[in-house]
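Residues per chain are reported as follows:
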Amino acid sequence: MQEITLQELARQLGAELKGDPARVIRRVNTLDKAGPDEVAFLSDSKYHHLLKGTNAGAVIVTPADQDLCPVASLVMADPYLGFALAAQALDTTPPPAVDIHPTAVIADDVVLGDGVAIGAKSVIESGVVLGDGAVVGPGCFIGKNSSLGARTRLWANVTLYHRVTLGDDCLVQSGTVIGSDGFGYANNKGEWVKIPQLGNVVIGNRVEIGACTTIDRGALGDTRISDNVIIDNQCQVAHNVSIGYGTAVAGGTVMAGSLKVGKYCIIGGAVVINGHIEICDGVTITGMSMVMRPITEPGIYSSGIPLQPNKEWRKTAARVMRIDDMHKRLNRLEKQSDNKN
């Protein structure tokens, strides 16, 4: 179990402490459930009512809310960021592997940095380079001439094909496949002819990739994921996609080939994005949207029909099917009105 004094926690958060510096904190919890050895946070004013009755050992609050806090407080401008940093300080997640398991299969020429850990039954092929502190969980496969940067971690059963490059401080969750073939075929009189995918996948530093996500290798050039990108579970990133610095991609999103996504974009869950288009920097796409054309201006974009009661949705669907007919009738009425005038 992790534990930390409020004094040390305040230092790590960069927060101002109001309360007993020697109090020991062991966990992070919600305002309504936290106990005396736990820290909570308040980042939304609609939870003020929970602050008044909290039993937390301390609460991370803004300067505006510190006088409302009945217990010790850690005062900082962004309590949600404070929550993230506190959760890191008190994280009890075990590492994917410790030391090098005797059942791991490691080629003779693999380069192992200092402090590398490799889990049971993982296979590391020829030409692989693992940086200092890299961790490979059990059951992983790392193909020829791939590399992991310093402190990069793979959870169990991650597959990296040949010539895949991950930078420093990356995290890849279980079941993810990086470097698989993109969907490239020619058609010869009804018969599909495979196009070998000859590019690579190049992933930058501090990239996190969720469980069971697939990132295809490039057809000729490379699929590229820039630094500080986060990708959720069960996403599909097709061949030659490029994702810019600091972009976040929520679960179930599908990106078609040769898409270029700019910096600092936020892509909601289950979004589908066409290939061979470009999305500029600073774009937010809300969940379940379908993006078929380039986006050239920053902003928030949406598509699709929000949830309705089934009876109303059936009426909406019926009317949508008649839009073309309604448009033609409206044009006729407008012409008749213009002629009368």
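Residues numbered from 1 in each chain as written. Predicted model: local features only at pLDDT ≥ 70, side-chain atom pairs only at ≥ 80, totals over all residues. Heavy atoms only, no water.

A. Fine view of the overall build of the chain. Scanning the chain from terminus to terminus reveals five helices and 38 strands. For 341 residues, the compact-globule formula gives about 20 Å, and the C-alpha radius of gyration of the chain, at 26 Å, lies well above that figure. Along the first, second and third principal axes, the C-alpha set of the chain runs to 85 × 60 × 35 Å. Burial status across the chain gives 38% buried among its 341 residues. Considering only contacts within the chain whose residues lie at least 6 apart along the sequence, 19% involve residues at least 24 apart. On the chain, roughly 18700 Å² of surface is accessible, and the fraction owed to carbon and sulfur atoms is 53%. Here the chain contributes 31 positive and 35 negative side-chain charges, whose respective centroids are spaced 12 Å apart. (Helix = DSSP H or I, 4+ residues; strand = E, 2+ residues; numbered from the N terminus. Rg over C-alpha atoms; globule rule 2.2 N^0.38 Å. Buried < 20%, exposed > 50% of the residue type's maximum accessible area, 1.4 Å probe, protein only. Contact = heavy atoms within 4.5 Å. Areas by Shrake-Rupley, 256 points an atom, 1.4 Å probe, with all protein chains shown as cover. Lys, Arg positive; Asp, Glu negative; His and termini not counted. Charge placed at Lys NZ, Arg CZ, Asp CG, Glu CD.)

B. How the structure looks around the sheet that holds strand E23 (residues 201-203). The parallel open sheet is built from nine strands, whose spatial order is E9-E12-E15-E18-E23-E26-E29-E32-E35. Only two strands of the sheet have a single neighbouring strand rather than two, namely strand E9 (111-112) and strand E35 (278-279). When strand E18 (residues 164-166) meets E23, the two strands line up parallel, connected through three bridges. Bridge pairing in E23 places Leu166 opposite Ile203. (Pairing = 2+ DSSP bridges.)

C. Expanded view of the sheet that holds strand E25 (residues 214-216). Pairing is parallel across the open sheet formed by 10 strands, whose spatial order is E8-E11-E14-E17-E20-E25-E28-E31-E34-E37. One side of each edge strand has no neighbouring strand; the edge strands of this open sheet are strand E8 (105-106) and strand E37 (290-291).

D. Examining the pattern of salt bridges more closely. For the structure shown, the criterion picks out 10 salt bridges. Its salt-bridge partner being Asp37, residue Arg26 comes within 3.8 Å of it at the nearest N-O pair. Taken together, the residues span a long stretch of sequence, with Arg26 in the loop between strand E3 (24-25) and strand E4 (27-28) and Asp37 in the loop between E4 and strand E5 (38-41) at a distance of 11 residues. Looking at Arg26, the relative accessible area reads 26%, which means it is partly exposed. Owing to a relative accessible area of 19%, Asp37 belongs among the buried residues under this scheme. Here Arg224 and Asp222 are joined by a salt bridge, their closest N and O atoms 3.3 Å apart. Taking the relative accessible area as the measure of exposure, Arg224 reaches 43% and is therefore partly exposed. A single network of salt bridges, built from pairs that share partners, joins Glu3, Arg26, Arg27, Asp37 and Glu38. (Salt bridge = Lys/Arg side-chain N within 4 Å of Asp/Glu carboxyl O.)

E. Representation of the side chain of Thr152. Following the sequence through the fold, Thr152 ends up in the loop between strand E15 (147-148) and strand E16 (153-154). According to the relative accessible area criterion, Thr152 is buried, its value standing at 0%.

F. Molecular detail of unusual backbone geometry. The phi dihedral of Asn240 falls on the positive side, at around 65 degrees, and the residue is not glycine. With respect to the helices, strands and loops of the structure, Asn240 is situated in the loop between strand E28 (236-237) and strand E29 (242-243). If you check the backbone angles, His276 has positive phi at about 60 degrees while not being a glycine. Judged by its relative accessible area of 68%, His276 falls in the exposed class.

G. Examining the packing of aromatic side chains more closely. On inspection of all chains with the given rule, the structure shows five aromatic pairs. Taken together, a centroid distance of 5.4 Å and an interplanar angle of 70 degrees make the contact between Phe183 and Tyr185 edge-to-face. Here Tyr245 and Tyr264 contribute two aromatic rings whose centre-to-centre distance is 5.7 Å and whose plane-to-plane angle is 70 degrees, an arrangement assigned as edge-to-face. Separated by 19 residues along the polypeptide, Tyr245 in the loop between E29 and strand E30 (248-249) and Tyr264 in the loop between strand E32 (260-261) and strand E33 (266-267) bring together distant segments of the chain. What links up through ring pairs into an aromatic cluster is the set Phe41, Tyr80 and Phe83. (Phe/Tyr/Trp six-rings, centres within 6.5 Å; stacked < 30°, edge-to-face > 60°.)

Function cannot be read off these values alone, since they describe shape.
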